[in-house]
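Structure assessment
Chain residues, written in single-letter form:
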Amino acid sequence: MITKEQILNSIQFVVNNSSHVRIKEENIENVINLLKESKKDPWLNSDYLDLESENQILIYMILCESLNFCYWDSDIKWKIEYKGEWYSGSFGLFYAISKAIQKGYDLLNVEYLENITIEQLDEIFKGTTSIPLLKERYNIIKQLSCELKSIKDISKSLDSNGDIELLNKIINNFSNFKDISIYKGQKVYFFKRAILLVGDLILNVASIKAKVINDNNMPGCADYKIPQVLRHLGILEYSNELADIIDSEQTIEHDSEMEVEIRANMLYAIELIKNGLHQKGINMSSVQIDNALWLLSKNKEFKDKPHHLTRTIYY
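Residues numbered from 1 in each chain as written. Predicted model: local features only at pLDDT ≥ 70, side-chain atom pairs only at ≥ 80, totals over all residues. Heavy atoms only, no water.

**Remarks on the overall build of the protein**
Of the regular secondary structure elements, the protein holds 15 helices and six strands. Here the C-alpha atoms of the protein give a radius of gyration of 19 Å, agreeing with the 20 Å that 2.2 N^0.38 yields for 315 residues. Summarising its shape, the C-alpha atoms of the protein cover approximately 55 × 45 × 40 Å along the three principal directions. Each of the 315 residues in the protein was classed as buried or not, and the buried ones make up 55%. Excluding contacts between residues fewer than 6 apart, the proportion of contacts in the protein whose partners are at least 24 apart in sequence is 74%. Carbon and sulfur atoms make up 45% of the accessible area of the protein, which totals about 14000 Å². For the protein, the separation between the mean place of its 36 positive charges and that of its 45 negative charges on side chains is 1 Å. (Helix = DSSP H or I, 4+ residues; strand = E, 2+ residues; numbered from the N terminus. Rg over C-alpha atoms; globule rule 2.2 N^0.38 Å. Buried < 20%, exposed > 50% of the residue type's maximum accessible area, 1.4 Å probe, protein only. Contact = heavy atoms within 4.5 Å. Areas by Shrake-Rupley, 256 points an atom, 1.4 Å probe, with all protein chains shown as cover. Lys, Arg positive; Asp, Glu negative; His and termini not counted. Charge placed at Lys NZ, Arg CZ, Asp CG, Glu CD.)

**What to know about the pairing of strand β4 (residues 180–183)**
Every second residue of β4 is oriented toward a common face, the buried set being Ser181 and Tyr183 and the non-buried set Ile180 and Ile182. Across four bridges, the pairing between β4 and strand β5 (residues 186–189) is antiparallel. Residue pairing for β5: Ile182 is matched across the bridge by Lys187. Counting the residues between successive antiparallel strands, the hairpin from β4 to β5 contains two residues, one of them, Lys184, with a positive phi of roughly 50°. (Pairing = 2+ DSSP bridges.)

**Overview of the packing of aromatic side chains**
Under the criterion given, the structure shown has eight aromatic pairs. For the pair Phe91 and Trp294, a centre-to-centre distance of 5.7 Å together with 55° between the ring planes defines the contact as tilted. Here Trp294 lies in helix α15 (residues 286–296) and Phe91 lies in helix α4 (residues 89–103), a separation of 203 residues in the sequence. Arranged with centres 5.8 Å apart and planes meeting at 20°, the rings of Tyr189 and Phe191 form a pair that is stacked. The class of Phe191 is buried, set by a relative accessible area of 1%. One aromatic cluster in this structure is built from Tyr82, Tyr87 and Tyr95. Geometry around Phe69 places Arg137 over its ring, the cationic atom sitting 4.1 Å from the centre. A cation over a ring is seen here: Arg263 above Phe190, with NZ or CZ 4.2 Å from the ring centre. (Phe/Tyr/Trp six-rings, centres within 6.5 Å; stacked < 30°, edge-to-face > 60°. Lys NZ or Arg CZ within 6 Å of the ring centre and 35° of its normal.)

**Describing empty space enclosed by the protein**
Evaluated as defined, the whole model comprises one cavity of 30 Å³ or more. The space that makes up the largest cavity amounts to roughly 40 Å³. What lines the largest cavity is Tyr224, Pro227, Gln228, Arg231, Tyr238, Ile246, Pro306, His307 and His308. With three residues, the single largest contributor to the lining of the largest cavity is helix α12 (residues 225–232). Residue composition of the lining of the largest cavity, by class: five nonpolar, three polar and one charged. (1 Å grid on protein atoms, 1.4 Å probe; cavity = no way out; pocket = protein on both sides within 12 Å on 5 of 7 lines; lining within 4 Å. Points joined across faces, edges and corners; volume = space filled by probe spheres on them. Nonpolar A, V, L, I, M, F, W, Y, C, P; charged D, E, K, R; others polar.)

Shown next as structure tokens:
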């Protein structure tokens, strides 16, 4: 079982050995003041659909977070239309799945997922262009359908007394959530989408919410947008080499030292922000801080420099 300490220790190992990224702790106070009145609610809930059963909610959440990654690929930005509005990124994915189910695609049926074709999946996610990494998403659905089919009772298989236990059950049952990198010979545990799913399930699934006693052990979610925000706020500082790569929008390879250092330093910075908030009597979890920073990334002023570009299924 992966523990909270193992996750944080693996992140700190990267921070201690980073050569391309450093945290400017003197600027943490500015972020603390910015986040005092931030929105704290998780972002994915079952309001996207009027679902009939807990089992359907479970499959919906697992499917959404299994496919929730990397929405950039070409000069044409992928967007989906839903009820007269256009959505991109994660919200585009969630609404595309909701729209498809409302049209009659049986996406919450494991047998349907098992037999879906890549052409059907392309049609479901077709917007301004085909969704990026379509083949990778198709392969994940095929693997996920096999894993779901092998589980007799999904709710029971995820039965947990705490968020760390639930995290372990997610990554042990569903292979696409095993977001682990190797840095200087050491394993680094990110589990970005699995951490999102932990929050989704605790919020939306009554049987899971009723059992979970401790739900404050998750780190943040290591993605593209939070490092962009933290760089804008002067908390993350990049080497000249890394800054040039990001600012010229060159791709950074997944599992490269640069990529792992960006993600790990981002997570460690969130822990520092959390500690600073706690000292001021403000109780925000790492995931809540992450969510607040992610919402800030939607504001124009936080996009003065681009986010790093890594083509990956993990975020």
